[in-house]
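A closer look at the structure
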Amino acid sequence: MGKWSSIWLLIAGLSSLAGAGEGLWSVGLRTQGFYDFEPGNDWFEGPEIGYSNYNLGSHRLQLKVAYLTSRLEQVFRENILKQDYFLFSPAWHFRRNRFFDPIVQVDLGYTRFDVESEIFKDLDNDSWIAAAQAGFALNLGQGEYGLYYHFGYNFITPESSMVYPGVFGLGIWVML
Amino acid sequence: MKRFGKIAWAGAGLALLTLGACQINKADCDLECQKGFWLDSGLNPDPCSNPLDSTCLVSHRFPTPSDSDKAAKHVIIAVHGFTASTYEWEEFKGFAEDTVNGHGRSLISLVLLGGHGTNLDAFQSSSWKDWGKPILTEYDTLVKQGYQNISFACASTGCALLMQYIADGQLATGPAPKWFFLIDPIVVPSEKLLSLVDLVGPILGNSPNPGSDEENRHWYVNRPQEDLKELYTLVNRVKNQLESGFELPKNTNAKVYKSLHDQSADPVGALLIYKGMRKSDGSHIEAEMLDSRLHVVTRLKGRDPEPSAADSALQLRVFKEMIDKSLAKP
């Protein structure tokens, strides 16, 4: 619990630094997978909240937090691991006001999975996350809603984890 | 002129990259290797690669068991891992076939995987399907010869091959195997870069992995990208099968032994196997996480540095348990 509290405090602190005026909030659905060029990818889905402010590079810098999990898929495929991601993802938008908007993003956060049985209580079941991604957003309805795609590289891939280096994400959002 | 300069620089860069990739791709066989001290050289093959050898496979050693032996003898087919050879299970064979430890009833069949234990060219041109064929051949032959008590012991990639056969129902043709003993099965590689082998493989090419002198004589030192691709295809296939779930044959049991700190096979694989491979009644198989830093703790010979007393004790305990379980009545 200590690690999770630290993560959320960090996110809250950075968000506060951005200031409260002229803020744009968005909410969306984010999915994430690992590319390994083989069928049967592991997918994670979850909500994502975004915030930008005129003081943060004229809205070019967007701060996002996301909770991604395999628990939804686990309902249908009970043998997959129950894994969660808690991500803070600052993204830089190169053309925030245009339809085609190239982006670069870093993902900082934490992941863990349930060990589910006493037999596996000694497994290392968590890891920090640090990834760099690049991609693009498509701004629709004059930026009221849109979608994005990005791909990149996970720099932390411990021996005991289900974190692979090649990562990509898809998402949709709507402005609040 | 400016454009020509750019093209020239780009061409030079491409040439250097190609040259570099060719250098890296080149299989590593130094003087020591060429003299036959490495398995890769082809000068010092695994004795079990000789089809006339009568010391490795039980089907060759005892092809016509008596009626009493068919029921009394317990055969364990031992399957080694990626780049390894039958050397990996020699200690277990020595232990189990000892009349005291094995009670005179255990026979260990050392299977050499396809493409392994001979020379690097054979390895490079083989697929994971080729690797597994000798397992099925030995099992089918033993069944035809009338052996009624057959179990399997496997290490690392050998376990991935066996699980793939279990999931496909290819070991359900004869009497159901009694036990599967999985030692450090690989389902998720510890080195996660392997997941990008299709992308970085052509750049990285060959990935030599030298060990002790003894290990270099019994494991391929070179790991060509073609084989790494085959390995990843296999483990990813097994991972997907486990996530979909499958069952062991009726009356068959299995136990996973997994090192907690393993630089080859991610320990999380044991959890995936525990969840995904069930007994025929739907109950869980057995699993044990071992406090060890060795990959395949059942092989201690030839390690550098020398294994600890704790590793030796662990090896002995696992050996005893495997024998006791395989000999026990259902």
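Values in this document were obtained by computation on a predicted structure and should not be read as measured data. (Residues numbered from 1 in each chain as written. Chains lettered and ligands numbered in written order. Predicted model: local features only at pLDDT ≥ 70, side-chain atom pairs only at ≥ 80, totals over all residues. Heavy atoms only, no water.)

Some remarks on helix H9 (residues 197–204) of chain B
Residue and element names in this part refer to chain B. Among the residues making up H9, those that are buried are Val197, Val200 and Gly201. End-on view of H9: buried residues confined to an arc of 120°, all on one side of the axis. Buried residues along H9 sit in contact with helix H11 (225–244). In the segment just after H9, glycine 205 is the residue with positive phi, at about 65°. (Buried < 20%, exposed > 50% of the residue type's maximum accessible area, 1.4 Å probe, protein only. Helix = DSSP H or I, 4+ residues; strand = E, 2+ residues; numbered from the N terminus. Arc of directions from axis to C-beta. Contact = heavy atoms within 4.5 Å.)

As for the pairing of strand E7 (residues 145–154) of chain A
All names here are of chain A. Alignment of strand E6 (residues 126–140) against E7, held across 10 bridges, turns out to be antiparallel. Paired with alanine 137 across the strands is tyrosine 148, a residue of E7. Pairing between E7 and strand E8 (residues 166–175): nine bridges, direction antiparallel. Residue pairing in the sheet places tyrosine 149 in a bridge with leucine 170 of E8. (Pairing = 2+ DSSP bridges.)

Brief notes about the interface of chain A and chain B
At the junction of the two partners, chain A supplies 33 residues and chain B supplies 33 residues. Contact with chain B buries area across many residues of chain A, yet A:Asn79, A:Phe120 and A:Glu159 alone supply 25% of it, more than any other trio. At the junction of chain A with chain B, the criterion picks out two salt bridges. The partner of B:Lys275 in a salt bridge is A:Glu116, with the nearest N and O atoms 2.7 Å apart. In this structure, the connection of chain A to chain B is made through five residue pairs in polar contact (both at pLDDT 80 or more). Tallied by class, the residues present in the side of chain A that touches chain B amount to 16 nonpolar, eight polar and nine charged. (Buried area = accessible area lost by both parts, 1.4 Å probe. Salt bridge = Lys/Arg side-chain N within 4 Å of Asp/Glu carboxyl O. Polar contact = N/O pair within 3.5 Å; in protein donor to acceptor, adjacent residues only side chain to side chain. Nonpolar A, V, L, I, M, F, W, Y, C, P; charged D, E, K, R; others polar.)

Notes on the sheet that holds strand E2 (residues 43–53) of chain A
All names here are of chain A. Taken together, the eight strands give a closed barrel; going around it, the order is E1-E2-E3-E4-E5-E6-E7-E8, and neighbouring strands pair in antiparallel fashion. Each adjacent strand pair in this sheet contributes to an overall mean axis angle of 25°, direction not counted. Inspection of the sheet shows strand E5 (residues 100–113) paired to E6 by 13 bridges, in the antiparallel sense. Paired with isoleucine 103 across the bridge in E6 is glycine 135. (Axes fitted to C-alpha atoms, helices over the stretch in contact; angles between N-to-C directions.)

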